[in-house]
Amino acid sequence: MTVEAFAPAKINLTLHVTGQRADGYHLLDSLVVFADIGDRLTLERAEDLSLSVSGPRAGGVPVDGRNLVLKAAALFGPGPGAAIRLDKRLPAAAGIGGGSSDAAAALRGLAALWGRDLPGPEAVLSLGADVPVCLAPGPVRMRGVGEEILPAPALPDFGLMLVNPGVEVPTPAVFKGLVRKDNAPMPDLPNWTSAAVLAEWLAGQRNDLEPPARAEAPVIGEVLAAIAASPGCLLARMSGSGATCFGIYPGRAAAEHAAILLRESRPGWWVEAGAPYTL
Ligand SMILES: C[C@](O)(CO)[C@H](O)COP(=O)(O)OP(=O)(O)OC[C@H]1O[C@@H](n2ccc(N)nc2=O)[C@H](O)[C@@H]1O
Ligand SMILES: Nc1ncnc2c1ncn2[C@@H]1O[C@H](COP(=O)(O)OP(=O)(O)OP(=O)(O)O)[C@@H](O)[C@H]1O
């Protein structure tokens, strides 16, 4: 038996930091979507548990117990084995939840392969604040430290371009650089009737991690300017703790056109185009 599991990129369309818990973790209010751009896992029954990592973004990704895929497998406790192959396409430490989405895809895939229930919510959250939202990828409002997943209104069709300049930005350093932690949450979410209406609404919202991320990696400013200047772009913003930024376009074709042009002018950057993904 072989099970395939897709690990889509997570995008924080907004990311408001609204407080801090006693343990140091920050309270968030974030509109999260996923893109049809991501890593691929293939899982097969085997005597032992093993992981191999290949693909264009495999370099530097741990293949031992530090890999979130193996941490996810460990949550099931002792049991049957599995040979897991991870085709790594998303850049790491990039604000698009690559490792978290891999962990969530591994949980889904192993539950299917082994006929087991998913681990409980606390165990899932222990893998990382972004793992709960990655378990059932789709547009949601995420609150708490990442464990509170609320439904979001249906989204209009739109295109997405993701751009990473090749600089890894560690999440803890970005949270540490926040000047204010008690920022306003998002208002009630409206019904967005088109990509342009969504982009206009998002323009009035924030990613509170952008200033500290830009202090860590000033190239983020260049990335945002390049996306904003691309043809058809309705909005350019940073996702998560950076450095990946995204552009919103009226549709996939416009995003693909922008990506072709940006790859030519910035051959060293990771540039992908796509559309929202729901499992
Ligand atoms: C910034 C986001 O990507 C937004 O979706 C996530 O909140 C980060 O999720 P993640 O990378 O899965 O986070 P974790 O691996 O749990 O935490 C990494 C580090 O980020 C900080 N962290 C993370 C999440 C959160 N709500 N508050 C925090 O302060 C903590 O310093 C933590 O040590
Ligand atoms: N499957 C994995 N893929 C990528 N990195 C992994 C994986 N498992 C563990 N890691 C480690 O996790 C670190 C953070 O990478 P990851 O892509 O998970 O985070 P991120 O971009 O910070 O996500 P976020 O959007 O949550 O901020 C990497 O530097 C790497 O050492």
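Residues numbered from 1 in each chain as written. Chains lettered and ligands numbered in written order. Predicted model: local features only at pLDDT ≥ 70, side-chain atom pairs only at ≥ 80, totals over all residues. Heavy atoms only, no water.

1. Considerations on the pairing of strand S3 (residues 26-46)
Every other side chain in a regular strand lies on the same face of the sheet, so the side chains alternate between the two faces.
Phase 1: In terms of burial, S3 is largely enclosed, as 15 of its 21 residues are buried.
Phase 2: With 10 bridges joining them, strand S1 (residues 2-12) and S3 adopt antiparallel strand pairing. Note on S3: the bridge partner recorded for Thr2 is Glu44.
Phase 3: Examined bridge by bridge, strand S2 (residues 16-20) and S3 share 4 bridges and lie antiparallel to one another. Residue pairing for S3: Val17 is matched across the bridge by Leu28.
Phase 4: Turn length for the S2-S3 hairpin, with the two strands adjacent in sequence and antiparallel, is 5 residues, and the turn residue Gly24 shows positive phi of about 100°.
Phase 5: In the sheet, S3 pairs with strand S6 (residues 140-144) via 5 bridges, with the strands oriented antiparallel. Directly across from Val32, in S6, lies its bridge partner Val140.
Phase 6: In this structure, S3 lies alongside strand S5 (residues 81-87), joined through 7 bridges in antiparallel fashion. Bridge assignment links Thr42 to a residue of S5, and that residue is Arg85. (Buried < 20%, exposed > 50% of the residue type's maximum accessible area, 1.4 Å probe, protein only. Helix = DSSP H or I, 4+ residues; strand = E, 2+ residues; numbered from the N terminus. Pairing = 2+ DSSP bridges.)

2. Some thoughts on the site of ligand 2
Phase 1: The full set close to ligand 2 counts 21 residues, and Lys88, Ala94, Gly95, Gly97 and Asp130 are the nearest of them.
Phase 2: For ligand 2, the protein covers 80% of the area, taking 610 Å² as the surface of the free molecule.
Phase 3: In terms of residue count, the dominant contributor to the shell around ligand 2 is helix H2 (residues 98-114) (4 residues).
Phase 4: Looking at side-chain class alone, the shell around ligand 2 contains 8 nonpolar, 8 polar and 5 charged residues. (Near = heavy atom within 4 Å. Areas by Shrake-Rupley, 256 points an atom, 1.4 Å probe, with all protein chains shown as cover. Nonpolar A, V, L, I, M, F, W, Y, C, P; charged D, E, K, R; others polar.)

3. Points about the UniProt feature "active site" (unreviewed entry) in the protein
Phase 1: Mapped onto this numbering, the UniProt entry annotates "active site" (unreviewed entry) at Lys10 and Asp130. The annotated residues occupy 121 residues of the chain but converge on a single region, no pair of C-alpha atoms lying more than 8.6 Å apart.
Phase 2: Looking at where Lys10 falls in the secondary structure, it is placed in strand S1.
Phase 3: When sequence neighbours within four positions are dropped, the list of residues in contact with Lys10 reads Val32, Val33, Phe34, Gly95, Ile96, Gly97, Asp130, Cys134, Ser239 and Gly240.
Phase 4: In this fold, Asp130 is placed in the loop between helix H3 (121-126) and helix H4 (131-135).
Phase 5: Exposure remark for Asp130: the relative accessible area of 17% places this residue in the buried category.
Phase 6: Those residues within four positions of Asp130 in sequence are excluded, and the remaining contacts are Lys10, Gly97, Ser100 and Met142.
Phase 7: Here Lys10 takes part through its side chain, which lies 2.8 Å from a polar atom of the side chain of Asp130. (UniProt positions renumbered as here; feature names shortened; annotations may be inferred. Contact = heavy atoms within 4.5 Å. Polar contact = N/O pair within 3.5 Å; in protein donor to acceptor, adjacent residues only side chain to side chain.)

4. A short note on the UniProt feature "domain: GHMP kinase N-terminal" (unreviewed entry) in the protein
Phase 1: Summarizing the sequence annotation, UniProt attributes the feature "domain: GHMP kinase N-terminal" (unreviewed entry) to residues 67-127 in the numbering used throughout.
Phase 2: Helix makes up 49% of residues 67-127 and strand 11%. Its end C-alpha atoms lie 10 Å apart.

5. Here's the deal with the site of ligand 1
Phase 1: Close contacts around ligand 1 come from 17 residues, with Lys10, Asn12, His26, Ala129 and Asp130 the closest.
Phase 2: Between an oxygen atom of ligand 1 and a side-chain N or O atom of Lys10, the distance comes to 2.8 Å.
Phase 3: Side-chain polar atom of Asn12 to an oxygen atom of ligand 1: 3.1 Å apart, as the coordinates give it.
Phase 4: Taken together, the elements giving at least two residues each to the shell around ligand 1 come down to S1, S3 and helix H5 (171-176).
Phase 5: Residue contributions to the shell around ligand 1 peak at 3 residues, all from H5.
Phase 6: Residues of the shell around ligand 1, tallied by class, amount to 9 nonpolar, 6 polar and 2 charged.
Phase 7: When residues of the shell around ligand 1 are assigned to domains, at least three fall in each of domain 1 (2-144) and domain 2 (153-274). (Domains from an automatic or database assignment.)

6. Here's the deal with the sheet that holds strand S9 (residues 235-238)
Phase 1: Overall, antiparallel pairing links the 4 strands, which are arranged S9-S10-S8-S11 in an open sheet. Each edge of the open sheet is held by one strand with a lone partner, namely S9 and strand S11 (270-274). Here the average twist between neighbouring strands, direction ignored, is 20°.
Phase 2: Direction of pairing for strand S8 (residues 159-164) relative to strand S10 (residues 245-249): antiparallel, over a ladder of 5 bridges. Residue pairing across strands places Leu162 opposite Phe246, the latter belonging to S10.
Phase 3: Running at roughly 165° to S11, helix H9 (residues 252-265) makes contact with S8, S10 and S11 of the sheet. (Axes fitted to C-alpha atoms, helices over the stretch in contact; angles between N-to-C directions.)

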